[in-house]
Amino acid sequence: MAKKEQDVVDQELPPPPARCSWQPALPEGFRQLNTQVAGHNFESSNAEAIGLLQDYTGGCVLKPLGKPECGERELRFYESLAEAGALGDNDLALLRGHVPRFYGPLKLVVNQRERTFLRLEDLTRDMLQPCVMDVKVGKRTWDPAASPHKRQVEEAKYVQCKQALGLCLPGFQVYIPDQDTEKATILRRGRDYGKSLSVDGFKETMALFFNASTSHSKARRAGKELLLQEVLRQLQDILNWFHSQRLYHFYASSLLICYDYSRLKDQPLLNGHHPHHGEQEDNAPTSPSTWVRVRMIDFAHVYPAEQALPDENYMFGLRSLIEVVQALLHR
């Protein structure tokens, strides 16, 4: 493992307590989502604490609705996206390509209580070794309805990275290869780790997540380059949407970045160059969009755009993230 990469690992704080021997009472056909890296988790001492579920036959992730006003706001947002095409709202229709597909609400009895969940696309479905990162976007993470106390609490979180980059790192998981054997082990970090990061630490953690600090075979290096190019393409598409939209401002919203580590070694150069998005050649690997996904998530604090102004808060963080990934691609 490269020295800077090892330094990041050595900074680690204890990982979040999860996936213990205690199991919540779940309906048949559902289980805890084992790729959840941020947000609320199930707790053995608190039956009201509910995490993400997976419908492993239907290929869906189920997100519990939060506090009534926040949960209803997020549900209405997803429903408005679903209706956008029929209503001819082009901006919202375009946004649908940048969020997980929505399959409607679902009521389930969990821990002996009926609860409402959002059924969403499982972005890691069919990934053999899913690497997942939650990046919260924006310097300001409190919404217009936040109380003075809530504003103060939010301002105190992730101070270094949030003010300098407009980014926070609530959690991630990544497969890390052994330099000698090429076998990979999984590394998980939660919000405490993210809160400890300086700006340099954030950048090195991004390098760690994208396996950008390690050097292996030419095919593996080609896979990393293709991975970063595809992440940049999808981030830029989201930024392009924000340049034109004047509908919403997004507070405390995240980007979920997912890729399949197992695919990194299977991306050879084609005639001396990487395949472009959608390019097909004989024996060519599939499009990177099938194993690299960047989606906007967490819409409990989405509000109508004030005075129809652009969402400069979100775009500041998004531009910072693009710059960080570009630097990894060229280093």
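Residues numbered from 1 in each chain as written. Predicted model: local features only at pLDDT ≥ 70, side-chain atom pairs only at ≥ 80, totals over all residues. Heavy atoms only, no water.

## Here we look at the overall build of the protein chain
Stated formally: Strands here are runs of E lasting at least two residues and helices are runs of H or I lasting at least four, both read from the DSSP assignment and numbered beginning at the N terminus. Burial classification: accessible surface area is computed with a 1.4 Å probe over protein chains only, and a residue below 20% of its type maximum counts as buried, one above 50% as exposed, and the rest as partly exposed. Note on contacts: a residue pair qualifies if any of its non-hydrogen atoms lie within 4.5 Å across the two residues. Under the convention used here, a 1.4 Å probe and the Shrake-Rupley method define accessible areas, while residue burial counts only the protein chains that appear.
Scanning the protein chain for helices and strands turns up nine helices and twelve strands. Sorting the 331 residues of the protein chain into buried and exposed places 50% on the buried side. Considering only intrachain contacts with a sequence separation of at least 6, the fraction spanning at least 24 residues in the protein chain is 73%. Put simply, the protein chain shows about 15,700 Å² of open surface, and 51% of that area lies on carbon and sulfur atoms.

## Regarding the pattern of salt bridges
The line we're drawing: When a carboxyl oxygen of Asp or Glu lies within 4 Å of a side-chain nitrogen of Lys or Arg, that pair is called a salt bridge.
Summed over all chains, the structure comprises seven salt bridges. The partner of D237 in a salt bridge is R233, and the shortest N-O contact between them spans 3.1 Å. Of this pair, D237 and R233 both sit in helix α8 (residues 218-244), separated by four residues, roughly a single helical turn. The class for R233 is partly exposed, based on a relative accessible area of 28%.

## Overview of the sheet that holds strand β2 (residues 53-55)
Filter applied, for reference: Strands are treated as partners if at least two bridges between them are detected by DSSP. Structural elements are reduced to axes, namely lines fitted to C-alpha atoms, with helices fitted over the stretch in contact, and the angle between N-to-C directions of any two is expressed from 0 to 180 degrees.
On the basis of which strands lie adjacent, the open sheet formed by five strands has the order β1-β2-β3-β5-β4 and antiparallel pairing. The strands lining the two open edges of the sheet, one partner per strand, are β1 (30-32) and β4 (102-110). The sheet shows a mean angle of 35° between the axes of neighbouring strands, direction not considered. Relative to β2, β1 is paired through three bridges, and the arrangement is antiparallel. In the sheet register, Q32 faces β2, and the bridge partner there is L53.

## As for the packing of aromatic side chains
When we look at a pair of aromatic rings, we describe it by the centre distance and by the angle of the planes. Cut-off, in case you're wondering: Any two of the Phe, Tyr and Trp rings considered here, Trp counted by its six-membered ring, make a pair once their centres fall within 6.5 Å; the pair's planes then place it as stacked at under 30 degrees, edge-to-face at over 60, or tilted in between. Each ring is checked for a lysine NZ or an arginine CZ that lies within 6 Å of its centre and within 35 degrees of its normal; such an atom marks a charge sitting over the ring.
Evaluation of the coordinates by the stated rule reveals 20 aromatic pairs. Summarising the aromatic geometry, the rings of F77 and F250 are spaced 5.9 Å apart at their centres and angled 90° between planes, so their arrangement reads as edge-to-face. Of this pair, F77 sits in helix α2 (residues 68-87) while F250 sits in strand β9 (residues 248-250), and the two are 173 residues apart along the sequence. The pair formed by F77 and F250 is uniform in burial state, with each residue classed as buried. Stacked on the ring of F316, the Lys or Arg K139 has its end atom at 4.6 Å from the ring centre. The side chain of R140 reaches across the aromatic face of W142, ending 3.8 Å from its centre.

## Concerning the sheet that holds strand β7 (residues 167-177)
Spatially, β8-β7-β6-β10-β11 is the arrangement adopted by the five strands of the open sheet, whose pairing is antiparallel. At either margin of the open sheet sits one strand with a lone partner, and together these are β8 (184-189) and β11 (292-297). Strand after strand, the sheet turns through a mean of 15° between neighbouring axes, direction not considered. Pairing geometry for strand β6 (residues 130-137) and β7, over five bridges, is antiparallel. Within β7, the position partnered with V137 by the bridge is L167. In the packing of helix α7 (residues 199-209) onto the sheet, contacts are made with β6, β7, β8 and β10 (253-260), and the angle to β7 comes to roughly 35°. Contacts from helix α9 (residues 312-330) reach β6, β7, β10 and β11 within the one sheet, and its direction differs from that of β10 by about 25°.

## Looking at α9
Our working definition: The length a helix should cover is 1.5 Å for every residue beyond the first.
Helix length check: α9, at 19 residues, gives a terminal C-alpha distance of 27 Å against a target of 27 Å (1.5 Å per residue), a fit within 8%. Turning to α9, its buried residues are N313, Y314, M315, G317, L318, S320, L321, I322, V324, V325 and L328.

## A closer look at the side chain of D134
Heads up, the condition is: The positive count covers Lys and Arg only, the negative count covers Asp and Glu only, and His and the chain ends enter neither. Nitrogen and oxygen atoms within 3.5 Å of one another constitute a polar contact, given that in protein one can donate a hydrogen and the other can accept it, and given that sequence-neighbouring residues count only through two side-chain atoms.
With respect to the helices and strands, the residue D134 is situated in strand β6. No salt bridge is formed by the buried D134; its nearest oppositely charged neighbour, K136, is found at 6.6 Å. One polar contact links D134 to S254, side chain to side chain, over a distance of 2.8 Å. The residues touching D134, leaving out its near neighbours within four places in the chain, are V37, A38, C168, L169, P170, G171, S254, L255, L256, I297 and D298.

## Observations regarding the nonpolar core
In plain terms, the rule: Here, nonpolar core refers to any group of buried Ala, Val, Leu, Ile, Met, Phe, Trp, Tyr and Cys residues whose side-chain atoms link them within 4.5 Å.
Ranked by internal contacts, the top residues of the largest apolar core, which has 63 residues, are F210, F250, L255, Y259 and M296. Broken down by element, this core gets its largest block of residues, ten residues, from α8. If near-sequence neighbours (up to four positions away) are discounted, F210 is found in contact with K224, L227, L228, V231, I257, Y259, V325 and L328.

## A look at the confidence of the model for the protein chain
We apply this condition: The quantity known as pLDDT measures the predictor's confidence residue by residue, on a range of 0 to 100.
This prediction gives the protein chain a mean pLDDT of 83; 80% of its residues lie at or above 70. Note that pLDDT drops below 50 for residues 1-20; the model gives that stretch 36 contacts with residues more than four away or on any other chain. Confidence over residues 269-283 falls short of pLDDT 50; this stretch has 20 contacts with residues more than four positions distant or in other chains.

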